[in-house]
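# Survey of secondary and tertiary structure
The chain contents come next:
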Amino acid sequence: MNSSKRTKTRAMSWRLLFLAVWLLVSPTHGGQAPDAPDHRPEFLQMFARAYFPGRSGQIMLVPREGGFVTRNDPAYRFMHGSPWDYDARIPLLFFGPPYFRRGAHSNGATQQDIVPTLAAVLGLPLPSTVTGRSLQEALNLSAGRPPVILVVVLDGMRPDYFDRHRAILPTLTRLRQEGAWFSHARVTHLPTATAIGHATIGTGTDPRVHGIVVNSAFDRMSGQPQDAYPGMSPRNLMVLSLADLWNLETDGQAVIISQGSISYAAGGLAGHGACLLNGRPTILASYNRATGGWETNPDCYKLPEYLKSQNARQLWEGTDGRWMGHEITNPDAVSRSGWFTKFEADALVAMIENEPVGADDVTDLLLVNLKAPDFVGHQFGPDSPELRATLVELDQQLTRILETLEKKVGPKRYVVVLTADHGMPPEPESPQKRHLSKEIVELLHKKFDPDRATLISHYESSNSQLFVDKNRLRELGLKLSQIKEYLEAQPFMYAVYTEDEVKKAPLP
């Protein structure tokens, strides 16, 4: 071999060696950098905090930071669900002088803390199921009870939006400056998803207690996926919500309004309504993305007549049917536009104006999910012009809601709580970091069940867990640990856990 060929061979060998080492230690390729903290015990506890027998999956997944698993659907190019900061950090703000003291708080806070804090304001005893703490450092209990408490869950709202878009969010910025802001608030369960977050906010307890642990579980009896609140029934919510407790405490005298633009957001806030022994019907308005109108479950809740004529088609009728160049001429597409926030606000404003909100000395509860940041973030991402435009509209509609509330009950006579159920991941650095749930299922079936491809019964990417057919697992002579080991070897996975590991995980 001449010297030129030997030089080229040595150079190639060094490049291959460098590549092998890089693949081994890179935090985004098949290994962990030696100096990187090991988050796996922490993430295991987060899954354990949301484990419920019969409802949770058998394999729990955490993609590597910067990557995610999503659906094969252009409306869901981005998918939350992970424990990484962009999904798990949330805003938490209490506004309402004199009931809350102004200030920034750097101590930790969680979704579970909202109910105990509001219960302290109401003087409401709490059941032992509540796992959160009252944020006493922000409270002024000598002020008494406010006539109205408004809780707004800004779906998919990352806390960094408050800083990055400060100039275009005057109302949110003012509330943050004049309220009690918890800068280190986080979601403490996995997955970081809508149904779980809203039930946790609504009840003040861990998902392992309230029972809403995924957006869609797998019903082994029917062999089909099941929504967290099938038919808008609250039967899967295993504890009382703040709305339930206040409904019982006031013997139905309090006005209690819950609103959400997806059923499993509204359900976690509303609680059980009249489907609870001695409970009275409360208002629940849930957006139907097929019809464009508001709906409810009349067995448990009521829907005001004046909302039944509202329909999202009013947002595109009389226009060219496009928002920022995107066609929005159906109830589903329009919900993924900034304009949708106006439709949500129209409903809430109508209820504030038409219901006896703040009319007596019994505190009324308004519990609201504003969904547009999430829907828009899923399709266009958190750094998109579409998301920025949606935040502008969101701030304007919040201004309108607060002006309506203040006109109804007067200044300094209400409390506002702003938070989120989860965040949203940014655009991956490379296409190889965006993975599809169906491809992971196909990968597993190719490896373990090529003949029948029935081993994995259900995998919805926002759930961050696989539902495994246990009978098929036994027929194949497999163990969950084998599926775990195979997935852990994939370069896009940070951690994988089996159901047994999650069940046995110690919680602090």
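Below is a short write-up of the structure.

How each quantity is defined
Residues numbered from 1 in each chain as written. Predicted model: local features only at pLDDT ≥ 70, side-chain atom pairs only at ≥ 80, totals over all residues. Heavy atoms only, no water. Core = buried A, V, L, I, M, F, W, Y, C linked by side-chain atoms within 4.5 Å. Buried < 20%, exposed > 50% of the residue type's maximum accessible area, 1.4 Å probe, protein only. Helix = DSSP H or I, 4+ residues; strand = E, 2+ residues; numbered from the N terminus. Contact = heavy atoms within 4.5 Å. Salt bridge = Lys/Arg side-chain N within 4 Å of Asp/Glu carboxyl O. Pairing = 2+ DSSP bridges. Axes fitted to C-alpha atoms, helices over the stretch in contact; angles between N-to-C directions. Parallel < 35°, antiparallel > 145°, perpendicular 65-115°, else oblique. Left-handed = near helix turned anticlockwise from the far one by under 90°. Nonpolar A, V, L, I, M, F, W, Y, C, P; charged D, E, K, R; others polar. Phe/Tyr/Trp six-rings, centres within 6.5 Å; stacked < 30°, edge-to-face > 60°.

Now for the nonpolar core. Core analysis: the biggest nonpolar cluster contains 97 residues, and L92, F94, F100, L118, L150, M157 and L405 have the highest contact counts within it. Per-element tally for this core: the top contributor is helix 12 (residues 340–354), with nine residues. With residues up to four places along the chain from it excluded, the contact list for L92 reads A109, T110, I114, L135, A180, W181, F182, A185, V417, L418 and T419. Core analysis: the second largest hydrophobic core is formed by 20 residues, I59, V441, Y459 and V496 among them.

With that settled, the discussion passes to the environment of A389. When you line up the elements, A389 lands in helix 14 (residues 385–409). For A389 and P373, which are 16 residues apart along the polypeptide, the C-alpha to C-alpha distance reads 9.9 Å. Once you skip the residues sitting within four places of it in the chain, A389 turns out to touch W323 and M324.

If you walk through the whole model with that rule in mind, you get 28 salt bridges. Linking R158 and D160 is a salt bridge whose minimum nitrogen-to-oxygen distance equals 2.9 Å. Across the pair R336 and D332 runs a salt bridge whose closest N-O atoms are separated by 2.9 Å. Since its relative accessible area comes to 14%, R336 is described here as buried. Within this structure, R158, D160, R164 and D383 form a network of salt bridges that share partners.

Turning our eyes to something else, we now look at the pairing of strand 7 (residues 216–219). Direction of pairing for strand 7 relative to strand 8 (residues 224–227): antiparallel, over a ladder of four bridges. Residue pairing across strands places S216 opposite D227, the latter belonging to strand 8. Turn length for the strand 7-strand 8 hairpin, with the two strands adjacent in sequence and antiparallel, is four residues, and the turn residue G223 shows positive phi of about 75 degrees.

Think of a sheet as strands paired side by side through backbone hydrogen bonds, with each pair either parallel or antiparallel. Overall, antiparallel pairing links the four strands, which are arranged 18-19-1-20 in an open sheet. Of all the strands in the sheet, just strand 18 (456–458) and strand 20 (493–498) have a single pairing partner and so form its edges. Strand-to-strand twist of the sheet, defined as the mean angle between neighbouring strand axes without regard to direction, takes the value 35 degrees. Pairing between strand 18 and strand 19 (residues 465–468): two bridges, direction antiparallel. Paired with H458 across the strands is F467, a residue of strand 19. Contacts between helix 2 (residues 40–48) and the sheet are confined to strand 1 (59–63), strand 19 and strand 20, with strand 20 contributing the most and set at about 50 degrees to the helix.

What follows covers the environment of G202. Here G202 shows up in helix 7 (residues 194–203). By relative accessible area, G202 is classed as buried at 7%. Between the C-alpha atoms of G202 and A266, which are 64 residues apart in sequence, the distance is 9.6 Å. Those residues in contact with G202 that sit more than four places away from it in its chain are V115, S241, L242 and G268.

Moving on, we get to helix 2. Considered for burial, the residues of helix 2 that qualify are F43, L44, M46, F47 and A48. Buried residues along helix 2 sit against strand 1, helix 8 (207–210), strand 19, strand 20 and helix 18 (499–504).

With that settled, the discussion passes to the packing of helix 7 against helix 10 (residues 263–270). The N-to-C vectors of helix 7 and helix 10 enclose an angle of 15 degrees; their axes lie 7 Å apart at closest approach. Compared by their axis directions, helix 7 and helix 10 come out roughly parallel. Helix-helix and strand crossings are classified by hand; for helix 7 and helix 10 the assignment is right-handed. Each of T194, A195, H198, A199, I201 and G202 in helix 7 lies in contact with helix 10, whose residues at this interface are Y264, A265, G268 and L269. Within the contact of helix 7 with helix 10, the residues separate by chemical class into six nonpolar, four polar and no charged.

Bringing the packing of aromatic side chains into the picture now. A complete count under the given rule lists 15 aromatic pairs for this structure. With a centroid separation of 5.2 Å and an interplanar angle of 90 degrees, the aromatic rings of F43 and W84 are classed as edge-to-face. You can see F43 sitting in helix 2 and its partner W84 sitting in the loop between strand 2 (68–70) and helix 3 (85–88), a full 41 residues away along the chain. In this structure, F43 and W84 share a single accessibility class: buried. Seen in terms of ring centroids, W84 and Y494 are 5.1 Å apart; in terms of plane orientation they differ by 80 degrees. Their pairing is edge-to-face. With a gap of 410 residues between them, W84 in the loop between strand 2 and helix 3 and Y494 in strand 20 connect regions that are remote in the sequence.

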